[in-house]
Amino acid sequence: MMSSTKSVFRWWWIWQSEKIEEWLEEQERQGWHLMEVKPNLMRFYFQKGEPRTIRYVFDYQTEVNDDYIMLYEDAGWEPLNNGKHSWYLWRKPYEANKPESRPEIYSDIDSVIQRNDRMKRTLIIVGVILIPLMMSVMITQPLWQVRLAFLISYLCIWVLFMYGINRLSAQNRKLRSRSVSSHR
Amino acid sequence: MTETAFYILLTLQKVRYGYGIMQDVESLTKGRIKLGAGTIYGSLSRMEKDGLIKVVGEENRRKSYIATELGSELLREEIARISEQYHNAMQMEGINDEQH
């Protein structure tokens with residue numbers, strides 16, 4: 001029997017990682033087993049097989065030690081990429097008829113808030129790093145058309161980052177108001 | 001103190017590594033609390049930085065931890081606070097029962 005494979009490019013925003021996680025889970029439900037993720041984290045390779053029920057998580061960690069990998073593996077998570085751009089993709093199977101057993105890496109609200117804060121920090125740092133880069137292009141580039149193109153693309157990126165930071169802050173506000181009513 | 005931090009300090013009265021804490025907490029709470037790997041990882045690094053727990057060893061790339069004196073002191077205070085809550089709740093229940 002010929003095994004069929006597919007490769008899919010799928011764009012996702014870092015403030016919406018649960019969307020890509022759900023998409024991967026849906027692929028598995030349809031029998032598309034994830035075989036590989038390219039370092040750009042947006043090209044996925046699948047192989048056709050039996051439908052499976054698997055939870056995927058994209059964890060965002062800026063500081064990890066050996067303990068991190070061992071802890072997740074001990075807890076039954078299988079690693080799929082080794083932290084490209086601070087992203088760690090993990091998966092763990094669960095029972096299809098027990099949706100309440102769908103595993104999570106974060107069992108409390110504080111941990112999710114802190115993960116969102118790590119993402120925000122990265123967006124801010126990259127946004128700030130781009131400023132001197134932009135300035136040097138402005139100073140050294142003789143053609144005004146090129147300067148304008150750079151300026152516009154920089155402003156687009158900046159607006160996008162601001163939007164992302166805003167979304168993450170909104171998520172955190174929502175989470176904080178929920179954490180008042182629960183101790184977890 | 002969050003429930004997560006409370007149970008980590010409680011189980012770390014003895015030397016444990018990350019996964020051991022997860023298993024202990026799950027059996028202590030009869031499956032009610034299943035600590036996530038990410039939650040444990042973040043909590044352990046934060047509590048270590050705050051001096052509430054410390055690393056006592058490393059085996060097969062797994063760190064083992066124990067509560068520090070400061071961590072144990074905070075745990076005792078929290079237990080006292082929870083006992084007070086519990087006793088007050090029981091007293092209140094007694095009053096409500098009389099009213100019925």
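Not measured: the values here are computed from a predicted model. Every chain is numbered independently, its residues counted from 1 as its sequence is written. Ligands are numbered from 1 and chains lettered from A, in the order in which they are written. A pLDDT threshold of at least 70 governs which residues receive local features in this predicted model, and a stricter bar of 80 or more applies before side-chain atom pairs are shown or counted, although totals over entire chains, interfaces and linings include all residues. The basis for every side-chain value is the complete set of non-hydrogen atoms in the structure, without hydrogens or water.

Participant: Kindly report on the domain arrangement of chain A, identifying the contributing residues and their values.
Facilitator: All names here are of chain A. Annotation comment: domain bounds sourced from an automatic or database domain assignment. Under the domain assignment, chain A is made up of domain 1 (5–101) and domain 2 (109–179). Measuring from the centre of the C-alpha atoms in domain 1 to the corresponding centre in domain 2 gives 25 Å. The partner domain 2 presents eleven residues to the ten residues of domain 1 that form the contact. Two parts placed together each lose some accessible area under a 1.4 Å probe, and the buried area is that loss summed for both. Carbon and sulfur atoms supply 61% of the area buried between domain 1 and domain 2, which totals about 980 Å² over both sides. Ranking the residues of domain 1 by area buried against domain 2 places I14, W15 and Y60 at the top, with a combined share of 65%. Salt bridge criterion: a side-chain nitrogen from Lys or Arg within 4 Å of a carboxyl oxygen from Asp or Glu. Across the contact surface, domain 1 and domain 2 share zero salt bridges. Class assignment for the residues of the side of domain 1 that touches domain 2 results in five nonpolar, four polar and one charged. Here, two residues are considered to be in contact whenever any of their heavy atoms come within 4.5 Å of each other. Amino acid classes used here: Ala, Val, Leu, Ile, Met, Phe, Trp, Tyr, Cys and Pro are nonpolar; Asp, Glu, Lys and Arg are charged; the rest, including Gly, are polar.

Participant: Quick rundown of the packing of aromatic side chains? Include the residues and the values.
Facilitator: All names here are of chain A. Aromatic rings from Phe, Tyr and Trp, taking only the six-membered ring of Trp, are treated as a pair when their centres fall within 6.5 Å; an angle between ring planes under 30 degrees marks them as stacked, one over 60 as edge-to-face, and anything in between as tilted. This model, assessed by the stated rule, comprises 16 aromatic pairs over all chains. Note on Y68 and Y72: the rings are 4.4 Å apart at their centroids and 45° apart in plane angle, and the pair reads as tilted. A residue pair is termed a helical-turn pair when its members lie 3 or 4 positions apart in one helix, as Y68 and Y72 do in helix α2 (residues 66–74) at four residues. With respect to burial, Y68 and Y72 carry one shared label: buried. Starting at the N terminus, helices and strands are each numbered in turn, a helix being any DSSP run of H or I of at least four residues and a strand any DSSP run of E of at least two. Only protein chains enter the accessibility calculation, which uses a 1.4 Å probe; a residue is then buried when its area is under 20% of its type maximum, exposed when over 50%, and partly exposed in between.

Participant: Requested: an account of the pattern of salt bridges, with residues and values cited.
Facilitator: All names here are of chain A. Scanning the entire structure with this criterion turns up 19 salt bridges over all chains. Between E25 and R102 there is a salt bridge whose closest N-O contact spans 2.7 Å. Placement of the pair is E25 in helix α1 (residues 17–29) and R102 in the loop between β6 (87–93) and α3 (109–140), with a sequence separation of 77 residues. Between E104 and R102 there is a salt bridge; the shortest N-O distance is 3.9 Å. Using a relative accessible area of 40% as the deciding quantity, one classes E104 as partly exposed. According to the relative accessible area criterion, R102 is partly exposed, its value standing at 25%. Salt bridges linked by common partners bring E21, E25, E26, R29, R55, R102 and E104 together as one network.

Participant: Please give an account of the environment of A:E26 that cites residues and values.
Facilitator: Residue and element names in this part refer to chain A. For E26, the position within the fold is in helix α1. When the C-alpha positions of E26 and L133 are compared, they lie 41 Å apart, and in sequence the two are 107 residues distant. Identification of polar contacts relies on pairs of N or O atoms within 3.5 Å, with a donor-acceptor requirement for protein atoms, meaning one able to donate a hydrogen and the other able to accept it, and with residues adjacent in sequence counted only if both atoms are side-chain atoms. A polar atom in the side chain of E26 sits 2.9 Å from the side chain of Q30.

Participant: Describe the interface of chain A and chain B, with residues and values.
Facilitator: Every contact between the two is made by 23 residues of chain A and, on the other side, 24 residues of chain B. Overall, the association of chain A and chain B removes approximately 2100 Å² of surface from exposure, summing both partners, and the carbon and sulfur fraction of that is 48%. For B:R62, the salt bridge identified is with A:D74, shortest N-O distance 2.6 Å. At the boundary of chain A and chain B, one finds 14 residue pairs in polar contact (both at pLDDT 80 or more). Looking at the side of chain A that touches chain B, the elements that each hand over two or more residues are α2 and α3 of chain A. Among the elements that line the side of chain A that touches chain B, the one with the most residues is α2(A), at seven residues.

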